[in-house]
Structures are given as C-alpha cells and as structure tokens.
Amino acid sequence: MDKKSTDSGIEIKPLYTQQDRTAGKEELPGEFPYTRGVQADMYRGRLWTMRQYAGFSTAEESNKRYHYLLKQGVSGLSVAFDLPTQIGYDSDHPLSEGEVGKVGVAIDSIDDMQRLFNGIQLENVSTSMTINATGYILLSLYVALAREQGADLGKITGTIQNDILKEYAARGTYIYPPKPSMRIITDIFEWCSNELPKWNTISISGYHIREAGSSAVQEIAFTLANGKAYVQAALEKGLDINVFGKRLSFFFNAHNNLFEEVAKFRAARRMWAKMMKDLGATDPKAMMLRFHTQTGGSTLTAQQPHNNISRVTIQTLSAVLGGTQSLHTNGYDEALSLPTEEAARIALRTQQVVAYESGVADTVDPLAGSYFVEALTDEVESKAWELINRIDAMGGSVSAIEQGFIQDEIARSAYNYQRGIETGGKVIVGVNKFTSTEKSDTPILRVDDSIRTVQADRLKALREQRDATKAKACLEQVAIAAKEGSNLMPPVITAVENRCSLGEIADELRKVFGEYK
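What you see is a predicted model, and the numbers here were worked out from it, not measured in a lab.

**Q** Just to check I follow, could you spell out the overall build of the protein for this structure?
**A** Summing up its helical and strand segments, the protein has 19 helices and 11 strands in all. Relative to its length of 517 residues, the protein is compact, with a C-alpha radius of gyration of 23 Å against a globular reference of 24 Å. Dimensions along the principal axes, computed over C-alpha positions, put the protein at roughly 75 × 60 × 45 Å. Taking all 517 residues of the protein together, the buried fraction comes to 57%. Carbon and sulfur atoms make up 49% of the accessible area of the protein, which amounts to about 20900 Å² in all. Of the side chains in the protein, 57 bear a positive and 65 a negative charge, and the two mean positions are spaced by 2 Å.

**Q** Got a minute to help me understand the pattern of salt bridges in this structure?
**A** Pairing between side chains becomes possible if they bear opposite charge and their charged atoms approach one another. Applying the stated criterion across every chain yields a total of 36 salt bridges. Of the charged contacts in the structure, one is a salt bridge between aspartate 392 and lysine 228, with a shortest N-O distance of 2.9 Å. Of this pair, aspartate 392 sits in helix H13 (residues 371-393) while lysine 228 sits in helix H8 (residues 216-236), placing them 164 residues apart in sequence. The salt bridge involving glutamate 515 is made with arginine 510; its shortest N-O contact spans 3.5 Å. For glutamate 515, a relative accessible area of 37% puts it in the partly exposed group. When salt bridges that share partners are traced, they join Glu27, Arg270, Lys274, Asp378 and Glu381 into one network.

**Q** I'm lost on the packing of aromatic side chains in this one. Help?
**A** Counting across every chain of the model gives 18 aromatic pairs. Ring centres of phenylalanine 252 and phenylalanine 265 lie 6.3 Å apart, and the angle between their planes is 50°; this geometry places the pair in the tilted category. Residue phenylalanine 252 is located in strand S9 (residues 248-254), and its partner phenylalanine 265 is located in helix H10 (residues 258-278); the two are separated by 13 residues in the primary sequence. Owing to a relative accessible area of 0%, phenylalanine 252 belongs among the buried residues under this scheme. For phenylalanine 265, a relative accessible area of 0% corresponds to the buried category.

**Q** Even after reading the chapter, I still don't get the sheet that holds strand S8 (residues 202-205), so can you show me in this structure?
**A** Two orientations exist for strands paired in a sheet by backbone hydrogen bonds: parallel and antiparallel. On the basis of which strands lie adjacent, the open sheet formed by 9 strands has the order S7-S6-S5-S4-S3-S11-S10-S9-S8 and parallel pairing. Of all strands in the sheet, those with a lone pairing partner are strand S7 (199-200) and S8, marking the two edges. In this sheet, strand S11 (residues 326-328) lies alongside strand S10 (residues 291-295) in parallel orientation, the contact comprising 3 bridges. The partner of histidine 292 across the bridge, within S11, is serine 326. Where helix H1 (residues 59-72) meets the sheet, it contacts strand S3 (49-54) and strand S4 (76-80), and its direction lies at approximately 150° from that of S4. Set on the sheet, helix H12 (residues 341-357) makes contact with S3 and S11; between it and S3 the angle comes to about 165°.

**Q** I'm lost on a nonpolar patch on the surface in this one. Help?
**A** Among the surface-exposed residues, Val427, Val429 and Phe434 lie close enough to one another that they form a single nonpolar patch of about 270 Å² accessible area. Structurally, valine 429 is set in the loop between helix H15 (405-423) and helix H16 (451-465). Relative accessible area serves as the criterion here: at 36%, valine 429 is assigned to the partly exposed category.

**Q** Explain the packing of H8 against H10 here, please?
**A** Two numbers describe a pair of packed helices, the interaxial angle and the distance between the axes. Contact geometry of H8 with H10 gives a least axis separation of 10 Å together with a crossing angle of 25°. Judged by the angle between their axes, H8 and H10 are roughly parallel. Like other packed secondary-structure pairs, H8 and H10 cross with a definite hand, here right-handed. Residues Ala216, Glu219, Ile220, Leu224, Gly227, Lys228 and Val231 of H8 touch H10, and the partners they reach there are Glu260, Glu261, Lys264, Ala267, Ala268, Met271, Trp272, Met275 and Met276. Grouping the constituent residues of the contact of H8 with H10 by class yields 10 nonpolar, 1 polar and 5 charged.

The rules behind each value
- Residues numbered from 1 in each chain as written.
- Predicted model: local features only at pLDDT ≥ 70, side-chain atom pairs only at ≥ 80, totals over all residues.
- Heavy atoms only, no water.
- Helix = DSSP H or I, 4+ residues; strand = E, 2+ residues; numbered from the N terminus.
- Rg over C-alpha atoms; globule rule 2.2 N^0.38 Å.
- Buried < 20%, exposed > 50% of the residue type's maximum accessible area, 1.4 Å probe, protein only.
- Areas by Shrake-Rupley, 256 points an atom, 1.4 Å probe, with all protein chains shown as cover.
- Lys, Arg positive; Asp, Glu negative; His and termini not counted.
- Charge placed at Lys NZ, Arg CZ, Asp CG, Glu CD.
- Salt bridge = Lys/Arg side-chain N within 4 Å of Asp/Glu carboxyl O.
- Phe/Tyr/Trp six-rings, centres within 6.5 Å; stacked < 30°, edge-to-face > 60°.
- Pairing = 2+ DSSP bridges.
- Contact = heavy atoms within 4.5 Å.
- Axes fitted to C-alpha atoms, helices over the stretch in contact; angles between N-to-C directions.
- Patch = residues over 30% accessible without salt bridge, like charges linked within 9 Å, V, L, I, M, F, W, Y side chains within 5 Å.
- Parallel < 35°, antiparallel > 145°, perpendicular 65-115°, else oblique.
- Left-handed = near helix turned anticlockwise from the far one by under 90°.
- Nonpolar A, V, L, I, M, F, W, Y, C, P; charged D, E, K, R; others polar.

Below, the structure written as structure tokens:
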C-alpha cells in the first residue's frame, strides 16, 4: 500500500482506532487547555465574524466596496493597505511610484481615513487592519477619527496586525530594526490597555509564514514562538500578562488538507494555553488563543480559476470545524488580480452557505472524538513543540530570525512543496493534472496609475492648508518620545490630528531608530 502523508510530512495510517487516541484527554470546550474551542457554546452562541479583506485604489473606491460588503452581510471590515502605506512612505515619495493603491488602499493622512470610513460609524463596526511596521500610525489615525465622530473609545473594537517578527522572517515590510520595533509594539500594548480596552493590540500572524511556503506544523510553531517573544517583551516592560494577554489574537491560514488544518487549529489552542500558563497567566481569558483565519492565497490557481471556489469552500470548512473566531474567504480570481465585486460576493456567500446550510455550526467541535483527528492533533502538537524547543535553545524568535533559522526552514519547506508539484507527487487540479487548453475569460480588476497623482495633489493641499508650525512641533514631540523611551502613542495621535502625514511620522522614527537592512 502506498504511503500517504500530510503536507507537514506526518504519515497517515490507512486506519485509525481507539488505540491511536492518547488516554485521559476528555476535554470540554471553554475549559483549559481549550483544544475544543474558547467558548463553551461556540457557534451556537454566536457565529464567527464574517470579514472580507478589501482595500484598493483611493479611500473613496475602498469605501464604496465597504458599503457594498456591509449590505451583503459582512459583520466586520478588514482593510488592506498599499505597499507605500505599509512601509511608511507617502504616495508622493519617489519609492512609491508604481505601487500607489495597487495591493491595497493608499492612506497618507487623517483626510484619507475620513474618506475611507465615510458614512461608517466606528462604534458600530469591528475593523481589522493588516498593518505592521506602521501599525502605530494607522491605529492613531483610527483613534483620531473615532474621536472626531464622538465615539466612546471604550466601545471601539477591532485589531491591528502589528506583528513585525514575521515580517523579518517571511514577508519583508519592516522599517526599523527588531529592538525598536518590539518597543513600538509594547507601547501599543500599554496604551491600549488603558485607553482602548476592547481593541486587539496584535494579530500574531502565521498566515504570511504559510504563504511564504511553510508547512502547517511550521506555521503554528513559528507563530506561537513569535507570540512568546511579544509576551516576554511586554513582561520585561512591566505589563500585566492577565491584562494584555486578553487582547492578543492570532491570524492563521487555511489550506486544502482538511483534517491537518483542523488538527492544526486545535493543537495551536492547546499549545498557547500551556505556554501562557507557564509564562505566568492566571486569568483563563489570558490563556485563550482567539484567531482570525484567511483562506490560502497561495493555493489559488490562475489556471481554471473557478476551481478556486471549491478550494475556498474546503478551507472555509477547515477554519469553522477548527473553531475560528473570524474568517475572510478569498475571491476565486485573486491569482489574477484584486477581487471583483462578483468574486467577493461569491466568497462571502461561501461563508454564509457553510454557516446557515451545512449544519457544521450546530454543535461544538463536531470532529472531536474522531480517532484520526485526535491522533493528528497530538502529532501536529508534538512536531510543533520540537521546533519551538529548538527556537528557545537559540534564545527565542528574535535570535532565531537573526540567525536565519526560521527563514531557512520555511525556504526548505517551500522548495519541497514545489518539487512535489513539478514531479507530480503533489496533484494540483488544473495545474499538473486535469489541465485544459481553454483560455480563461475571468474579468480582471485593474487599478489605474493616475491614483498616485490624485494622492500627491491631496498631500500638497494638506501641507498648504495645515498649521505648519503646529505640525513641525508635533513631529518634534514624536522624535523626543522615541529618544526618551516614553510611550509613542500620545504624540503620534496628536501629530495625525494636526494633519502630519504617515510618511513624515515614519521618517521621524527612521531618524531615531534607523532602518533595518
């Protein structure tokens, strides 16, 4: 009989029986170590938050998409930012050329933030922002807008990704060196604990680690190791793990191997609960791993793109069966371009069909007790601990990244996966098997290069109309806080309220902290 294994290399037996289960593991949802879910009633109490990741072109264009998605039934917004915004350059910076509004929305100032959320009350919507190196600026812009709207900051909910360690290891949109970057993150933890109590201050992301080519086991091992580094940095700052621990969240990928993905989510919850307990958490909520899931962008194919609807459905099931708290489903056309409205609607409808028609949300952790799933959960956990122990022996995630260990492990996994496709050992329908010579007629959403001119004109007007003396003084206060080590959030919020641009604020910290090469 041919050997079968998961994408992480875990061998799959032809048959699983009661003997494959670890004895003495009768666990309940809502109870430590939360293998079966963080709530006792899970989706019987409330469905997961249905998000659609969107952002492109100008703030007005993205705002139209948000209003469209809200009408279609999304329960939370999820903002994609363009590359210049992610790495701290204004749209009129020379390095922004060719990238403005392309992979997300261009946000240069408080004026753009007002346009982005025009007609949307921030008190009434949960917003997730995929932003890391400039996360402190985008959060400041969001807070400034909430204040303008007269919102109660105690009611504002949402998440900033704010996970810089995976940028060094897997994605590349970092600005500052690791040490000052970690300091910015702990400043956000500290400020939000006091001022924005319902905000998730970080979304520790395995998604981009997986997109870079890691296996499922590597995804949770490297993500949880990064999470441990953030917790240790916050503890060194004197923060209370039982306070900031409740506002930590995670962001995982969902791929096509249904059972391995479910096992991965279950194992991750169990591992994080044990890790937080070992680090000193005593409040049950500070030990709970709450996570957002996005279906796997790297699994989508440009060939026969409608096949991606089936892939996204399987991935949606894995996330829901694995107990996700919120979910974004990718558009079938995303291997070709940003999703069209039709593709975004089908992606959202996929979640809604699973939620309301499939029955998988009717009972908590429906795959629990499966000999296969329970054994696979144990195997995934065991292999992930092996990797975490190696990282700990190197001095933790920051040291492991500096030594290139995590990057090398991901690269090796990506190479082996690609080799499997090229040799035919790994079947991708429509790519290396069941191929077609027919041309795809899938419509493509294109973003016009003229957007950079629009944004540059707006920046020019902003600088001419604001109080230049006040803006200069605000930027000086940001630099002083960076040098002195005081919390950066208050001066940055004041700076954006006085219409300093994102690039200007990022540059102040570049002068103090330098750039990571």
